[in-house]
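# Descriptive structure summary
Here is how the chains run, residue by residue.
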Amino acid sequence: MSGFPFDTLLIANRGEIALRIIRTAKRLGLKTAVVAHAADEGSPAVAAADRVVAITGKTGVAAYLDGAQIIAAARQVGAGAIHPGYGFLSENAGFARDVAAAGIAFVGPTAEAIELMGDKIRARAFVAERGFPVAPSAIEDDDPVTFLARATALGAPLLVKPSAGGGGKGMRIVRDIALLPQEIAQARREGERYFGDGRLYVERFVEQPRHIEVQVMGDAEGNVVHLFERECSTQRRFQKIVEETPSSALTAELRARICTAAAGIAQAARYRNAGTVEFIYGNGEFFFLEMNTRLQVEHPVTEMVTGIDLVEAQLRVAAGEPLPFTQAAIASRGHAIELRIYAESAARGFTPTTGTVLALRPPGGDGVRVDLGIAEKQRITTAFDPMLAKLIVHGADRPAAIARARRALADFALLGCETNIAFLDRLLAHPDFAAGAVHTGWLDAHPEIGAEPDINPEIRKRLAAIAALATQAVREEADAVPALHAAIGAWRN
Amino acid sequence: MRHAFDIGGTETEVWLSRDGAGYRLHGDAGEARIGLAAGRLDVDGVGEPVLVVLDGETIHVHLGGANYVLRHKDPARRFADEDDGGAGDAARAPMPGTVVRIDVAVGQPVALGDPLLVIESMKLETTIRAWHGGTVAALHVAPGQSFDRDALLVTLSAGGG
């Protein structure tokens with residue numbers, strides 16, 4: 001008896017988030033089912049779920065985007081609810097509608113809220129009309145003929161974005177206004193390619209901006225709370241790598257203002273379930289960027305400081321229950337940092353890496369959480385996002401959290417596929433990061449952090465020892481030589 | 001015979017001799033009395049935990065808070081590789097990805113800078129252009145195909161345009 005109106009939850013996702021959702025669902029007494037493409041055979045989510053339904057597609061990604069197949073899978077296992085995770089179908093209003101029409105609870109917002117916030121231009125207008133701050137901009141749809149002129153009039157620097165975009169895809173910074181026409185053409189091509197929608201908008205680019213977002217949660221009765229902010233300014237090419245809470249950029253007064261604004265925006269949208277309102281912050285001002293109508297990758301830092309399980313709250317709201325907490329009951333304690341473990345080479349410009357997980361020993365201990373998306377023997381390909389795992393740490397304050405994170409990174413053994421683990425440690429050790437003086441362009445301006453330092457002679461000696469001892473041919477040659485000859489020296493070479 | 005390993009991009013020659021029940025390390029990285037057993041590396045009597053996984057000629061290591069890849073350079077191939085220089089007039093994949101589109105056909109003459117194919121990695125499209133004028137000698141990939149880093153993409157020959 002779970003107390004939920006459904007007894008089985010289907011997870012329409014993969015990787016670490018599928019496993020993370022399964023964990024909470026199991027704790028709440030729900031049965032779990034997961035859909036899985038063949039490429040995810042052997043993943044920890046597939047191993048942990050009570051039921052696994054195979055899905056197919058031209059590519060792995062296509063399978064997880066196939067709403068009809070997923071709804072059929074839910075019917076097959078008798079799932080009364082579908083959790084979409086993040087990415088894939090999580091912000092697809094049509095899917096949310098189809099799920100509801102099938103009599104299945106969608107663990108997320110209403111299709112209307114997804115539609116509103118998914119159209120970046122409508123969302124922006126909605127937020128601006130209600131008195132919340134947005135950055136100066138030119139929107140192509142307002143008048144396509146004058147779009148270029150209006151964009152040019154804003155003056156450099158500018159940010160060109162696809163209207164239907166997200167996750168940094170197709171975004172371009174323009175510092176030389178003469179390049180605006182060609183950047184617009186390129187962004188349009190990428191928008192068409194990734195989102196099937198070439199419409200654009202251009203907004204003022206805040207130099208050295210900080211990315212600050214606020215976790216919100218609403219229920220069907222119209223209650224909305226915020227769960228404080230997260231700062232995600234450490235990015236490479238608009239992709240977050242490190243997220244933390246609280247933000248070191250905000251005073252208590254600004255924190256209150258930005259969190260209240262986020263809750264206000266969610267309230268105005270009659271927002272239900274978990275969402276994140278993203279802001280750009282610079283020079284003491286913040287502007288609404290967009291609202292993500294789903295659980296975020298970085299939600300665990302919020303869970304670490306508030307002690308609230310956001311997936312549980314999502315499931316309760318999806319079950320029609322009111323929010324299990326009031327605003328006054330939500331407190332933030334200590335400091336939490338999340339590090340995204342990617343299959344990529346920082347030294348080669350963060351290009352993806354591939355391989356097979358030969359050994360995996362994630363760190364543990366007090367204040368350390370690892371949300372894993374991989375298991376030993378699993379093949380890492382470029383078929384999916386390169387994020388393999390998330391390391392989340394909690395400490396009494398920011399320096400304590402950084403120290404704990406560095407210790408945990410050192411303990412993170414992952415062999416068989418090159419990852420960014422060593423790079424993350426160099427990043428945490430950087431004086432700018434320690435000082436909390438990081439903006440979204442910081443990492444791109446410091447490529448030296450990506451470069452791999454030389455191995456010091458002491459480590460080299462130990463690695464050479466391992467190489468020699470682990471290689472049978474090298475050992476056998478030593479074994480074949482009488483000890484006396486070996487003692488004379490290396491004459492025989 | 002000496003063996004060489006690629007350790008952090010540097011070729012390191014090593015050999016062993018017996019030292020009582022254990023071994024002694026010799027070569028570029030220095031000398032030491034060493035042992036490796038039960039997840040523990042001993043160097044001159046000081047031990048520390050280590051995780052080692054062998055994968056063909058590649059040795060994966062977690063040691064002292066970091067992950068390393070060591071490559072055994074096969075003695076037979078070690079010097080042959082260096083003669084490989086002029087053989088491949090080809091573009092290799094700078095990173096793993098997928099082929100979006102191919103703009104040329106085998107046998108087609110191309111001029112310096114002509115687009116040959118478009119690949120996609122990390123959500124970004126990159127156009128591979130002719131690095132000299134000539135003829136498309138071979139296409140090693142097809143549209144939609146995914147590839148690993150260093151995979152052959154297209155080969156040019158000097159003739160033609």
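One can find the structure itself at the top, above this paragraph.
Residues numbered from 1 in each chain as written. Chains lettered and ligands numbered in written order. Predicted model: local features only at pLDDT ≥ 70, side-chain atom pairs only at ≥ 80, totals over all residues.

## As for the overall build of chain B
From N to C terminus, chain B includes one helix and 16 strands. Looking at chain B as a whole, 27% of its 161 residues qualify as buried. Across chain B, every contact between residues at least 6 apart in sequence was considered, and the portion connecting residues at least 24 apart equals 40%. (Helix = DSSP H or I, 4+ residues; strand = E, 2+ residues; numbered from the N terminus. Buried ≥ 20, exposed ≤ 12 C-beta atoms within 10 Å, placed from the backbone. Contact = placed C-beta atoms within 7 Å.)

## Focus on the interface of chain B and chain A
Reports of interface size often rely on the accessible area that becomes lost once the parts have come together. Opposite the 50 residues of chain B that make contact, chain A presents 41 residues. Breaking the side of chain B that touches chain A down by element, the ones donating at least two residues are strand 1 (3-7), strand 2 (10-19), strand 3 (22-27), strand 4 (32-37), strand 5 (40-43), strand 6 (46-55), strand 7 (58-63) and strand 8 (66-73) of chain B. Its residues assigned to classes, the side of chain B that touches chain A shows 29 nonpolar, 16 polar and five charged. (Nonpolar A, V, L, I, M, F, W, Y, C, P; charged D, E, K, R; others polar.)

## Section: the sheet that holds strand 13 (residues 273-282) of chain A
Residue and element names in this part refer to chain A. Across the sheet, which stays open at both edges, the eight strands sit in the order 14-13-10-11-12-15-22-20 with antiparallel pairing between neighbours. Each edge of the sheet is formed by a strand with only one pairing partner; in this case those strands are strand 14 (285-292) and strand 20 (368-372). On average, adjacent strands in this sheet sit at an angle of 25° to one another, irrespective of strand direction. Looking at chain direction, strand 10 (residues 210-218) and strand 13 are connected through nine bridges and run antiparallel. Its bridge partner being in strand 13, Gln215 is matched across the sheet by Thr276. Docked against the sheet, helix 1 (residues 15-27) engages strand 20 and strand 22 (387-395), running at close to 115° with respect to strand 20. The sheet strands contacting helix 10 (residues 252-268) are strand 10, strand 11 (224-236), strand 13 and strand 14, and the helix crosses strand 11 at an angle near 115°. (Pairing = 2+ DSSP bridges. Axes fitted to C-alpha atoms, helices over the stretch in contact; angles between N-to-C directions.)

## Brief notes about the sheet that holds strand 6 (residues 137-139) of chain A
Residues and elements named next belong to chain A. Ordered by their spatial adjacency, four strands build an open sheet running 6-9-7-8, and the pairing between neighbours is antiparallel. Strands with a single pairing partner mark the edges of an open sheet, and in this sheet they are strand 6 and strand 8 (172-174). Here the average twist between neighbouring strands, direction ignored, is 20°. Pairing of strand 7 (residues 158-162) with strand 9 (residues 200-204), which is carried by five bridges, proceeds in the antiparallel orientation. In the sheet register, Pro162 faces strand 9, and the bridge partner there is Leu200. Against the sheet, helix 9 (residues 180-195) contacts strand 7, strand 8 and strand 9, and its axis sits at roughly 25° relative to strand 7.

## Some thoughts on the nonpolar core
Leu10, Val34, Ala262, Phe279 and Leu391 of chain A are the most contacted members of the largest nonpolar core, which has 140 residues in total. For this core, the element with the highest residue contribution is helix 10 of chain A, accounting for seven residues. In this structure Leu391 of chain A touches Leu339, Ile341, Val370, Ala405, Ala408, Leu409 and Phe412 of chain A, once residues within four positions along its chain are discounted. In this structure, Ala464 of chain A together with Leu16, Leu25 and Leu41 of chain B belong to the second largest nonpolar core, which totals 26 residues. (Core = buried A, V, L, I, M, F, W, Y, C linked by C-beta atoms within 7 Å.)

## Topic: the pairing of strand 5 of chain B
All names here are of chain B. Taken together, the four bridges between strand 4 and strand 5 define a ladder with antiparallel strand orientation. Looking across to strand 5, one finds that Leu36 is bridged to Leu41. Where strand 4 folds back onto strand 5 in an antiparallel hairpin, the turn is made up of two residues, including Ala38, whose phi is positive at roughly 50°. One ladder, built from four bridges, connects strand 5 with strand 6; its direction is antiparallel.

## Some thoughts on the pairing of strand 11 of chain A
Residues and elements named next belong to chain A. Most of strand 11 sits inside the fold, with 13 of its 13 residues counted as buried. Where strand 10 lies against strand 11, six bridges are found, and the strand directions are antiparallel. Its bridge partner being in strand 11, Glu213 is matched across the sheet by Arg230. A loop of five residues connects strand 10 with strand 11, the two strands running antiparallel in sequence, and Gly222 in this loop sits at a positive phi of about 95°.

## Comments concerning helix 10 of chain A
Residue and element names in this part refer to chain A. Taking 1.5 Å of rise per residue, 17 residues should cover 24 Å, and helix 10 covers 24 Å from first to last C-alpha, within 8% of that figure. By the burial criterion, the buried members of helix 10 are Ile258, Cys259, Ala261, Ala262, Ala263, Ile265 and Ala266. Residues of helix 10 that are buried make contact with helix 7 (120-129), strand 10, strand 11, strand 13 and strand 14. Following helix 10 by one or two positions, Arg270 has its phi on the positive side, about 50°. (Expected span 1.5 Å × (residues − 1).)

## Details of the environment of Arg71 of chain B
Residue and element names in this part refer to chain B. For Arg71, the position within the fold is in strand 8. Residue Arg71 is classed as partly exposed on the basis of its 15 C-beta neighbours within 10 Å. As a C-alpha pair, Arg71 and Thr58 span 13 residues in sequence and 4.6 Å in three-dimensional space. Here Arg71 is in contact with Phe5, Asp6, Glu57 and Thr58, once residues within four sequence places are set aside.

## A few points about the packing of helix 1 of chain A against helix 12 (residues 310-318) of chain A
All names here are of chain A. The geometry of helix 1 relative to helix 12 is characterised by a closest axis approach of 9 Å and an angle of 65° between their N-to-C directions. Our classification of the angle between helix 1 and helix 12 gives roughly perpendicular. Between helix 1 and helix 12 the crossing geometry is right-handed. Mapping the contact onto sequence places Arg20, Ile21, Thr24 and Ala25 in helix 1 and Val311, Glu312 and Leu315 in helix 12. Partitioned by chemical class, the residues of the contact of helix 1 with helix 12 number four nonpolar, one polar and two charged. (Parallel < 35°, antiparallel > 145°, perpendicular 65-115°, else oblique. Left-handed = near helix turned anticlockwise from the far one by under 90°.)

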